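# Structural features, examined
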2 protein chains.
Amino acid sequence: MKKIAPGPDPDEGIATVSDRTLRTLLGYQMKRTFNVIQSDLSRTLKPFDLRMLTYTALILIVDNPGLRQSQLAEAMDIERPNLVVIVDELERRDLILRDRVESDRRAYALKATLAGRRLCEKAVAAVTAHEKLLLKGISPDALTTAMKVMQLIESNRLREA
Amino acid sequence: MKKIAPGPDPDEGIATVSDRTLRTLLGYQMKRTFNVIQSDLSRTLKPFDLRMLTYTALILIVDNPGLRQSQLAEAMDIERPNLVVIVDELERRDLILRDRVESDRRAYALKATLAGRRLCEKAVAAVTAHEKLLLKGISPDALTTAMKVMQLIESNRLREA
DNA sequence: TATTGTTATACTCTATAACTATA
DNA sequence: TATAGTTATAGAGTATAACAATA
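Residues numbered from 1 in each chain as written. Chains lettered and ligands numbered in written order. Predicted model: local features only at pLDDT ≥ 70, side-chain atom pairs only at ≥ 80, totals over all residues. Heavy atoms only, no water.

## Let's talk about helix α7 (residues 140–155) of chain B
- With 16 residues, α7(B) ought to run about 22 Å at 1.5 Å a step, and its terminal C-alpha atoms sit 23 Å apart, in line with that.
- Structurally, α7(B) contributes buried residues whose contacts are with α2 (26–45), α6 (114–134) and α7 (140–155) of chain A together with α2 (26–45) of chain B. (Helix = DSSP H or I, 4+ residues; strand = E, 2+ residues; numbered from the N terminus. Expected span 1.5 Å × (residues − 1). Contact = heavy atoms within 4.5 Å.)

In structure tokens, the structure reads:
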């Protein structure tokens, strides 16, 4: 139980987050934890001039050559218009290319350049090392369970009302 | 393994998110899951004219009468300036009050009004019902483990570099 | 008609510095 | 001098409508 508020007498009573609050605020702990991961990631990626979104996009393009923008947007769970600036930035820095698809000239096949693959490897190594610290004291089993829980929540996503 | 990209021949090969990607992208699954919870929450709270932040603030004030703004900001893991508009909105709608603290006239003691407590109960009921759907198929043990993992990650937060 | 990528735009959330009034 | 709350502001992330080119 987390103590967050002093009672009427600052030196005495301490109010707490109620059990009710903890039970109902599924998003509460999740957001706090995500903030920790996000801010750690931002700091780790700063030397590479990457943010969480550009880092994620770069990894997915490196690992899935030929990916189209609409597929990448879906994989990253963001809207297509918001992906454009991310791909723009990676392309401007010559980390990826937009190749026209011959069979469908509306689409682009995204591919990482050699520079993109190299930066990706370095960034992944740095992030992996950092995450080891964040995951200290957590058993592999517990982590696996947590990942499964998150995947289940995602698969329970409600179809648009 | 998640299929996200068609190979050279759309009808044939399917690329996948590599094991490497899944291992290194701790934030990847977390963000997707958080998006699901967040967007479900937004939809659920719309009838009450609440957002995740105003909802969280309201619950914490209802459950911790006398809370000060700086404590609330810390509990919500947001900066003080960003809390001001949230508290403003709740106060404008007469869901909470800013009571001056006699012993420290710089601070406010936040308290929910009757209307605030009533709206809170209704919103919590709606959210709880929705979350039951999101958590379908997840055992209580697994959920507990997932929550513990998140708390451990949070406690491993690195001090500012 | 429908889809891919794009532009424009608006809204929310976040982060920082500087101010005021109290301590 | 330090702290609680505030203002102003800038930067990210997100969501929607509408467009051109192509299917």
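## Digging into the packing of aromatic side chains
- Scanning the model with the defined rule gives one aromatic pair over all chains in all.
- Here A:F34 and B:F34 contribute two aromatic rings whose centre-to-centre distance is 5.6 Å and whose plane-to-plane angle is 20 degrees, an arrangement assigned as stacked. Taken together, the residues span two chains, with A:F34 in helix α2 and B:F34 in helix α2.
- Positioned over the ring face of A:Y108 is A:R98, at 5.7 Å from the centre of the ring. (Phe/Tyr/Trp six-rings, centres within 6.5 Å; stacked < 30°, edge-to-face > 60°. Lys NZ or Arg CZ within 6 Å of the ring centre and 35° of its normal.)

## What to know about the pattern of salt bridges
- Taken as a whole, this structure holds 16 salt bridges over all chains when the rule is applied.
- For B:R32, the salt bridge is made with A:E154, and the minimal N-O distance between the two is 2.7 Å. Highlighted residues: B:R32 in helix α2 and A:E154 in helix α7, drawn from two different chains. Comparing B:R32 with A:E154, the two get one shared label, buried. (Salt bridge = Lys/Arg side-chain N within 4 Å of Asp/Glu carboxyl O. Buried < 20%, exposed > 50% of the residue type's maximum accessible area, 1.4 Å probe, protein only.)

## Observations concerning the packing of α2(B) against helix α6 (residues 114–134) of chain B
Residue and element names in this part refer to chain B.
- Contact geometry of α2 with α6 gives a least axis separation of 10 Å together with a crossing angle of 140 degrees. By the angle between their directions, the pair α2 and α6 is classed as oblique. As for the relative orientation of α2 and α6, their crossing is right-handed in sense. Of the residues in α6, those in contact with V36, I37, D40, L41, T44 and L45 of α2 are A123, A126, V127, H130 and L134.
- The class makeup of the residues in the contact of α2 with α6 is eight nonpolar, two polar and one charged. (Axes fitted to C-alpha atoms, helices over the stretch in contact; angles between N-to-C directions. Parallel < 35°, antiparallel > 145°, perpendicular 65-115°, else oblique. Left-handed = near helix turned anticlockwise from the far one by under 90°. Nonpolar A, V, L, I, M, F, W, Y, C, P; charged D, E, K, R; others polar.)

## Here's the deal with α7(A)
- Along α7(A), the positions that sit buried rather than exposed are A:A142, A:A146, A:M147, A:V149, A:M150, A:I153 and A:E154. With its buried residues spanning 155 degrees around the axis, α7(A) presents them on a single face. Those residues of α7(A) that are exposed and aimed more than 90 degrees away from the buried face are A:P140, A:D141 and A:K148.
- Where α7(A) is buried, its residues touch α2 of chain A together with α2, α6 and α7 of chain B. (Arc of directions from axis to C-beta.)

## As for the protein's contact with DNA strand D
- The immediate surroundings of DNA strand D are formed by 20 residues, with A:R51, B:Q69, B:S70, B:R98 and B:R106 found nearest.
- Backbone sugar and phosphate groups make up 60% of those atoms of DNA strand D lying within 4 Å of the protein.
- Here A:N82 contributes a side-chain N or O atom positioned 2.8 Å from a base nitrogen of DNA strand D.
- B:S70 places a polar main-chain atom, nitrogen or oxygen, 2.6 Å from a phosphate oxygen of DNA strand D.
- Those elements that provide at least two residues to the surface near DNA strand D are α5 (80–92) of chain A together with α4 (69–76) and α5 (80–92) of chain B.
- Take the surface near DNA strand D: its biggest share by element is three residues, from α5(B).
- Within the surface near DNA strand D, the residues separate by chemical class into seven nonpolar, three polar and 10 charged. (Near = heavy atom within 4 Å. Polar contact = N/O pair within 3.5 Å; in protein donor to acceptor, adjacent residues only side chain to side chain.)

## Observations concerning unusual backbone geometry
- Not every positive phi belongs to a glycine, and A:D94 is a case in point at roughly 60 degrees.
- Even without a glycine there, the phi angle at B:D77 is positive, about 60 degrees.
- One can find B:D77 in the loop between α4 and α5.

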